[in-house]
Amino acid sequence: MQLRQLVAFEMGSGNPMVRKNCNIKDVAAYAGVATSTVSRVLNNRDANQHTSAETRRKILAAAKALNYAPNINAKRLFGKRSQVIGLVVPSHEKHRKHVFADHHLAEIFSGIETALSGTGYRLLMIFNDDSFVRNREYLALFRQRAIDGMLVWGAYADQLFWEEIVDHHYPLVFLSQPNMELQKFNYLIHDYQSAGELALRQLVESGHRRIGWLGGSRDNGILQDMEKGFARVPGAYELHALYGDFSRESGVTMTRRMLETHPGLTALAAANLDIASGAAEACKECGAEVEIIACDSATEAEGDGFSRIAVDDQLLGCEAVKSLLTLIEANEPAVIRKHLQVKLYK
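Residues numbered from 1 in each chain as written. Predicted model: local features only at pLDDT ≥ 70, side-chain atom pairs only at ≥ 80, totals over all residues. Heavy atoms only, no water.

Chemist: Explain the state of the cysteines to me, and be specific about the residues and the numbers.
Modeler: Under the defined criterion, the tally for this structure stands at zero disulfides. Not part of a disulfide, Cys286 finds its nearest cysteine sulfur in Cys283, a span of 6.9 Å. Judged by its relative accessible area of 47%, Cys286 is partly exposed. (Disulfide = S-S within 2.5 Å. Buried < 20%, exposed > 50% of the residue type's maximum accessible area, 1.4 Å probe, protein only.)

Shown next as structure tokens:
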């Protein structure tokens, strides 16, 4: 059957094969080839090119003429993979702010999109809310073949259910500090211990001896890693700490209090760029000349006149996808545990 005949047949009236629920057998009959041949071509499983170019052309033309679309549920049921990976992020209730307002996640998304391009995989975003835990959706997604692997951003220390996924040998990769025993899990995370060390070392080597530390939530794993990094910095200096949240407003409030309770401070280390910006605003209000460094900022962020430790979230997202796909394709469980380097910008 010639291509022009296929198109004419499709455009003509009364074609019984052009229907809403066209399946792979219809495409095979339309193209005049075996169902197995259609399956190989449409599912990109003809790597050895057993099918001629002319036959491939006929099959693709037939699929287009019949408005064929693959049955995703059938692929999940009978196929080995769904070609979907999940990204689990905190719900608004748990994160205490909208995750899409987090500049880290926005950059991670860009990296994920770059890494998935051309792989045939799609991304399913999943909110880690009460239903996700109560209904054990974290296991159901794998068992129902809705996803082939899972990325997790923003886990909490009291969520021990992640171990169930590992026990079942499902592909799982964390892209943020899970606040749990790391040796149990695969992860790619920024080296926040080095970030803390670099920030405090920069201030101490600049001659500061009375330094304030403006943290976010004390139970945050990233914050805890930064403070472990502080312990690596030798020298005779005072480090005074206050904690709040990770907002600019909290930075203003903590800095005002820090300057009142610890007069004579000459430097402030802030947990992130928002807190550092709030600190700069409060210092300007008070007329205090204080050096500020942000321990966590995006690579391209501008520091408003202060130094910063930058992380590359696009790289994190990209490398996490590559690692997860490696786990999915592996014939046996693999170990992937990496700390991505951070960089000091003055």
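Structure shown, so let's carry the discussion forward.
Chemist: A description of the side chain of Asn272 should follow, citing residues and the corresponding values.
Modeler: Note that Asn272 resides in the loop between strand 8 (267–270) and helix 14 (273–286). Of note is the side chain of Asn272, whose polar atom sits 2.8 Å from the backbone nitrogen of Ile275. Sequence-distant contacts of Asn272, defined by excluding residues within four places in its chain, comprise Phe246, Ala294 and Asp296. (Helix = DSSP H or I, 4+ residues; strand = E, 2+ residues; numbered from the N terminus. Polar contact = N/O pair within 3.5 Å; in protein donor to acceptor, adjacent residues only side chain to side chain. Contact = heavy atoms within 4.5 Å.)

Chemist: Describe the pattern of salt bridges, and please don't skip the residues or the numbers.
Modeler: Taken as a whole and assessed by the stated rule, the structure comprises 10 salt bridges. A salt bridge links Arg57 to Glu54; its shortest N-O distance comes to 2.4 Å. You can see Arg57 and its partner Glu54 sitting in helix 4 (residues 53–65), three residues apart, about one turn around the helix. The exposure class of Glu54 is partly exposed, given its relative accessible area of 41%. Glu163 is the salt-bridge partner of Lys184, the closest N and O atoms lying 3.0 Å from each other. Here Lys184 is found in the loop between strand 4 (172–174) and strand 5 (187–190), whereas its partner Glu163 is found in helix 10 (residues 162–167), with 21 residues between them in sequence. (Salt bridge = Lys/Arg side-chain N within 4 Å of Asp/Glu carboxyl O.)

Chemist: Now, about the nonpolar core: what can you tell me, with residues and values included?
Modeler: Within the largest apolar cluster, 37 residues are counted, with the highest numbers of intra-cluster contacts made by Trp213, Leu214, Leu268 and Ile292. For this core, the secondary-structure elements that each account for two or more residues are helix 11 (192–205), strand 6 (210–215), helix 12 (221–230), helix 13 (248–261), strand 8, helix 14, strand 9 (291–298) and strand 10 (307–311). In terms of residue count, the dominant contributor to this core is helix 11 (six residues). If sequence neighbours within four positions are ignored, Leu214 has contacts with Leu242, Met254, Thr255, Met258, Leu268, Ala269, Ala270, Ala271, Ile275 and Ala279. (Core = buried A, V, L, I, M, F, W, Y, C linked by side-chain atoms within 4.5 Å.)

Chemist: Any details on the sheet that holds strand 6? Residues and values, ideally.
Modeler: Judged by pairing direction, the sheet is mixed, and its six strands sit side by side in the order 7-6-8-9-10-12 without closing on themselves. Both outer strands of the open sheet, strand 7 (238–243) and strand 12 (343–345), are each paired with one neighbouring strand and no more. The mean angle between the axes of side-by-side strands here comes to 20°, regardless of whether they run parallel or antiparallel. As judged from the four bridges shared by strand 6 and strand 8, these two strands associate in the parallel manner. Its bridge partner lying in strand 8, Gly212 is registered against Leu268. Where helix 14 meets the sheet, it contacts strand 6, strand 8 and strand 9, and its direction lies at approximately 155° from that of strand 9. (Pairing = 2+ DSSP bridges. Axes fitted to C-alpha atoms, helices over the stretch in contact; angles between N-to-C directions.)

Chemist: Kindly report on helix 12, identifying the contributing residues and their values.
Modeler: Buried residues of helix 12: Gly221, Leu223, Asp225, Met226, Gly229 and Phe230, and no others. Among the structural elements, helix 11, strand 6, strand 7 and strand 9 are those in contact with the buried residues of helix 12. One side-chain oxygen of the residue at the start of helix 12 lies 2.9 Å from the amide nitrogen of Ile222, identifying that residue as Asn220.

It is worth stressing that arrangement in space is one thing and function is another; only the former is reported here.
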